[in-house]
Amino acid sequence: MNNRRIFLVFFFAVALFFLLWKNNKQLQYVRNSGFIFGTTFSMTYASPDGIDLKKEIHQELMQVVDNSLSTFNKRSILSLINTNQPHQTDSAFEVVFNKAIEISKLTNGAFDITVGPLVKAWGFGFDKSDSLPSDEEIAILQQIVGYQSVHLIDHHIIKDHPETQLDCSSIAKGFGVDVASNFLERKGISNYMVEIGGEIRVSGMNPSGEKWRLGIDKPVEDITFEHRAIDTILHISDMAIASSGNYRQFYYKKGKRYSHTIDPISGYPVNHQLLSATVLAKDCMTADALATSCMVMGTEKSLELAQQLDNVEVYLILAGQDGKYKEVYSEGLKKYLNP
């Protein structure tokens, strides 16, 4: 046997040893939960020897998401843009901004990260208002709302109107889920569930060795979150899921119900039968943005959009007769209803 063959035999023997050693390391599922970005988070992941990565994941999320997209952090890139201060966008901000513009174009403006002033005017922002906005006030605000009026040029956001504000709340949670999920994958973890504020991404199998079972809530009008009920359960793997609805954030004034979903085009709260929209996609940022889009577009347009897009499915719950619900979903979602 020549030296080359001896080397190859030795090399493969060593490789086999490390492969067996790696496979024999015991995988233990670790569960974490807590608060971040003003909401709850939970994670379950199969970690070699039960290593807890909560602290590292939290630091990653705060560094990547908080520094770029937080409206609470006065020095975040988003805050600097909204106050017209000197800034330079980073890769995280640009990923989210470009995805937001992509979804806006796909939905013909149903999704729009400049809609914040209209949301605030209707009493769903940080500053609550006791009075409804007039038609004239809405018309004035519409002049500074529109995704076409903001541009990413040379790592800076250029606004056609200085008063235009960006609000990434309808996409940032999904992005945060993706950041945490990608972090786990860089650590070699392929079985996990990451959830932030109800937006979820899963990979591989759950601790029982099955696909992950994720419930979709019934659209119960309960702002206290005390009477949650499951409408259906999806069995998924290697997918992300996000939901949006009008059944928890709303108010009544003069006998009329106003939902928190504002149509960026009309400037008014949506008024249709769609109560909740759940979207499945390959990444959570896309699912998050599309779920909001569906609530603006309504049932038919949401189903049409899902049919046009690869790897996107929707599950919609509508108001029916006599207080009952009606469920409709895209053709491709059927395979996730049964294990």
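As the structure is a prediction and not an experimental result, all values here were calculated from the model. (Residues numbered from 1 in each chain as written. Predicted model: local features only at pLDDT ≥ 70, side-chain atom pairs only at ≥ 80, totals over all residues. Heavy atoms only, no water.)

S.K.: Explain the overall build of the protein here, please?
M.R.: Of the regular secondary structure elements, the protein holds nine helices and 14 strands. When the 339 residues of the protein are sorted by exposure, 49% land in the buried category. Pairs at least 24 residues apart make up 59% of the contacts formed inside the protein by residues separated by at least 6 positions. Carbon and sulfur atoms form 52% of the exposed surface of the protein, whose accessible area is close to 18100 Å². (Helix = DSSP H or I, 4+ residues; strand = E, 2+ residues; numbered from the N terminus. Buried < 20%, exposed > 50% of the residue type's maximum accessible area, 1.4 Å probe, protein only. Contact = heavy atoms within 4.5 Å. Areas by Shrake-Rupley, 256 points an atom, 1.4 Å probe, with all protein chains shown as cover.)

S.K.: Help me out: how do you make sense of the environment of A100 in this one?
M.R.: Structurally, the position occupied by A100 is in helix 4 (residues 91–106). The exposure class of A100 is buried, given its relative accessible area of 1%. When the C-alpha atoms of A100 and Y147 are compared, they prove to be 8.7 Å apart, with 47 residues separating the residues in sequence. Sequence-distant contacts of A100, that is, excluding residues within four places in its chain, are made with F111, I113 and I171.

S.K.: Just to check I follow, could you spell out the packing of aromatic side chains for this structure?
M.R.: To describe a pair of aromatic rings, one takes the distance between the centres and the angle between the planes. All chains considered together, the criterion is met by two aromatic pairs. For the ring pair F93 and F97, a centre distance of 6.1 Å and an interplane angle of 15 degrees mean the geometry is stacked. Pair noted here: F93 and F97 are both in helix 4, with a separation of four residues, about one helical turn. Comparing F93 with F97 shows no difference in burial state: the two are buried. A ring pair is formed by Y315 and Y329, whose centres lie 5.7 Å apart and whose planes are at 5 degrees; its orientation type is stacked. Of this pair, Y315 sits in strand 13 (residues 313–319) while Y329 sits in strand 14 (residues 325–329), and the two are 14 residues apart along the sequence. Residue classification places Y315 among the buried residues on the basis of a relative accessible area of 4%. For Y329, a relative accessible area of 32% puts it in the partly exposed group. (Phe/Tyr/Trp six-rings, centres within 6.5 Å; stacked < 30°, edge-to-face > 60°.)

S.K.: Could you clarify how one ought to interpret helix 7 (residues 169–186) in this entry?
M.R.: Count 3.6 residues to each turn of an α-helix, and residues three or four apart come out pointing the same way. For helix 7, built from 18 residues, the straight-helix expectation of 26 Å at 1.5 Å per residue is met to within 8% by its first-to-last C-alpha distance of 26 Å. Helix 7 sits mainly inside the fold: 13 of its 18 residues count as buried. (Expected span 1.5 Å × (residues − 1).)

S.K.: It is not clear to me how the pattern of salt bridges should be interpreted in this structure. Could you clarify?
M.R.: Two side chains that carry opposite charge are able to pair once their charged atoms sit near each other. Enumeration according to the criterion identifies eight salt bridges in this entry. Between E60 and R186 there is a salt bridge, and its shortest N-O distance comes to 2.9 Å. With a gap of 126 residues between them, E60 in helix 2 (residues 54–69) and R186 in helix 7 connect regions that are remote in the sequence. Residue classification places E60 among the partly exposed positions, given a relative accessible area of 21%. Note that R201 is salt-bridged to D178, the shortest N-O span being 2.9 Å. Placement of R201 in strand 6 (residues 199–203) and of D178 in helix 7 is noted, with a sequence separation of 23 residues between them. Accessibility expressed as a relative area gives 5% for D178, which makes it buried. Among the charged side chains, a network of salt bridges with common partners joins D178, E185 and R201. (Salt bridge = Lys/Arg side-chain N within 4 Å of Asp/Glu carboxyl O.)

S.K.: How do you make sense of the side chain of S330 when you look at a structure like this?
M.R.: Topologically, S330 is positioned in the segment after strand 14. Here S330 falls in the buried class, since its relative accessible area comes to 7%. A polar contact is formed between the side chain of S330 and the side chain of E313, at a distance of 2.6 Å. Setting aside residues no more than four positions away along its own chain, S330 makes contact with L303, A306, E313 and V314. (Polar contact = N/O pair within 3.5 Å; in protein donor to acceptor, adjacent residues only side chain to side chain.)

S.K.: Would you explain the pairing of strand 1 (residues 27–36) in this entry?
M.R.: The side chains of a regular strand alternate between the sheet's two faces. Bridging between strand 1 and strand 2 (residues 39–48) involves ten bridges; their strand directions are antiparallel. Among the inter-strand pairings, F35 is bridged to a residue of strand 2, identified as T40. Linkage of strand 1 to strand 2, two consecutive antiparallel strands, is achieved through a turn of two residues, within which F37 is found at a positive phi near 55 degrees. (Pairing = 2+ DSSP bridges.)

S.K.: It is not clear to me how the pairing of strand 8 (residues 230–236) should be interpreted in this structure. Could you clarify?
M.R.: Within strand 8, five of the seven residues are buried, leaving the element largely enclosed by the surrounding structure. Taken together, the six bridges between strand 7 (residues 212–217) and strand 8 define a ladder with antiparallel strand orientation. Across the sheet, the residue bridging to W212 is I236, located in strand 8.

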